[in-house]
Amino acid sequence: MAYVEAMRPLAILIAGEPVPAALAARGSFAAMIRGAVGDAWQGEWAELDGRAELPDFERFAGLIVTGSSANVPTREPWILAIENYLARAVTARARVFGICFGHQLLGQALGGEVAKNPNGREIGTVEVEILGSDPLLTAARGAFTANMTHVDSVVKLPAGARLLAQSPRDENAMVRFSETAWGVQFHPEIDAEIIGHYVAARRAAMIEEGLDADAIAAELRDTPAAIEILRRFAESARSKC
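For every chain, the first residue of the written sequence is number 1, and numbering continues from 1 along that sequence. Only residues with pLDDT of at least 70 are given local features in this predicted model, and only at 80 or more are side-chain atom pairs given and counted; all residues enter the totals for whole chains, interfaces and linings. Water and hydrogen atoms play no part in the side-chain values, which are based on all heavy atoms of the structure.

### With respect to the packing of helix 2 (residues 29–37) against helix 8 (residues 224–239)
Point 1. Two numbers describe how helix 2 lies on helix 8: the axes approach to 9 Å, and their chain directions differ by 85 degrees. Considering the angle they form, helix 2 stands roughly perpendicular to helix 8. Counted together, Ile33, Ala36 and Val37 of helix 2 and Ile227, Leu230, Arg231 and Ala234 of helix 8 form the full contact between these two elements.
Point 2. Following the grouping adopted for this structure description, the nonpolar residues are Ala, Val, Leu, Ile, Met, Phe, Trp, Tyr, Cys and Pro, the charged ones are Asp, Glu, Lys and Arg, and the polar ones are all others, Gly among them. Class assignment for the residues of the contact of helix 2 with helix 8 results in six nonpolar, no polar and one charged. Helix axes use the C-alpha atoms of the stretch in contact, all axes being lines fitted to C-alpha atoms, and the angles between their N-to-C directions lie in the range 0 to 180 degrees. Where helices and strands are cited, they refer to DSSP runs of H or I of at least four residues and of E of at least two residues respectively, numbered from the N terminus. The cut-offs work like this: below 35 degrees is roughly parallel, past 145 is roughly antiparallel, 65 to 115 is roughly perpendicular, and the gaps in between are oblique. Contacts are assigned to residue pairs that have any heavy atoms within 4.5 Å of one another.

What follows is the structure in structure tokens.
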């Protein structure tokens, strides 16, 4: 049965939930993503459980894959299942946008490699340097701020992937994996309040790792340019409906 293009929802594939304080303050990653996208998507939304059987990706205008506290290198069965799903979706030219863990899933699924970040944990509001032009970016050069919280990274890009931006601790902070698939190591849906909950939750680990938790907390900011990247993806999915 053919799906009616104009009716397809934008799907959020949920791979995990925020830390408890962030969840209590603002809800799930899916809720934050919908809030950040706002009027850039005016159609229906669908939420997919990443630990359950996933429906045909052709039912959706696009897929946004959330972050997670899980680790891609553990190679758990549900992680492998999502990777297989994403690999098939990208091959079929479905529109996909991976956030943090979702970005890493795409990198691994398409032939790259994810491992513990050799530069250590990256957390807080960081400057992201633009390295290449892309329709999801407002400029071809320059920098913007984004909120990060991760310990793993895409350490080897798949063949054919194009690097778009890097951060102080992650050389693959934004990647175009294919004509229709993008990944960002940062969290465009997370604002200063929410990243503050992450810094508080990870404080003990940050101090143990030699990070200045107080200095990082003092520099937290909202990141409108990062939000715009997510909004532009939603608009691109809308234009293809």
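The rest of the description comes next.
### Regarding the sheet that holds strand 3 (residues 62–65)
The strands making up a sheet associate through backbone hydrogen bonding, with each pair oriented either parallel or antiparallel.
Point 1. A pair of strands is considered paired only if DSSP assigns at least 2 bridges between the two. Ordered by their spatial adjacency, nine strands build an open sheet running 2-1-3-4-11-10-9-6-7, and the pairing between neighbours is mixed. The open sheet is flanked by strand 2 (45–49) and strand 7 (142–150), the only strands paired with a single partner. In this sheet, neighbouring strand axes are inclined to one another by 25 degrees on average, regardless of whether the strands run parallel or antiparallel.
Point 2. Its contacts with the sheet put helix 2 on strand 1 (10–14), strand 2, strand 3 and strand 4 (96–99), and the angle it makes with strand 2 is roughly 155 degrees.
Point 3. Running at roughly 40 degrees to strand 7, helix 5 (residues 192–201) makes contact with strand 6 (122–130) and strand 7 of the sheet.

### Some words on the packing of helix 3 (residues 77–91) against helix 4 (residues 101–109)
Two packed helices can be described by the angle between their axes and the distance between those axes.
Point 1. Interhelical geometry of helix 3 versus helix 4 gives an angle of 70 degrees and a closest axis separation of 9 Å. Classified by the angle between their axes, helix 3 and helix 4 sit roughly perpendicular to one another. From helix 3, Trp78, Ile79, Ile82, Glu83, Leu86, Ala87 and Val90 reach across to helix 4, where they touch Phe101, Leu105, Leu106, Gln108 and Ala109.
Point 2. Grouping the amino acids of the contact of helix 3 with helix 4 by side-chain chemistry returns 10 nonpolar, one polar and one charged.

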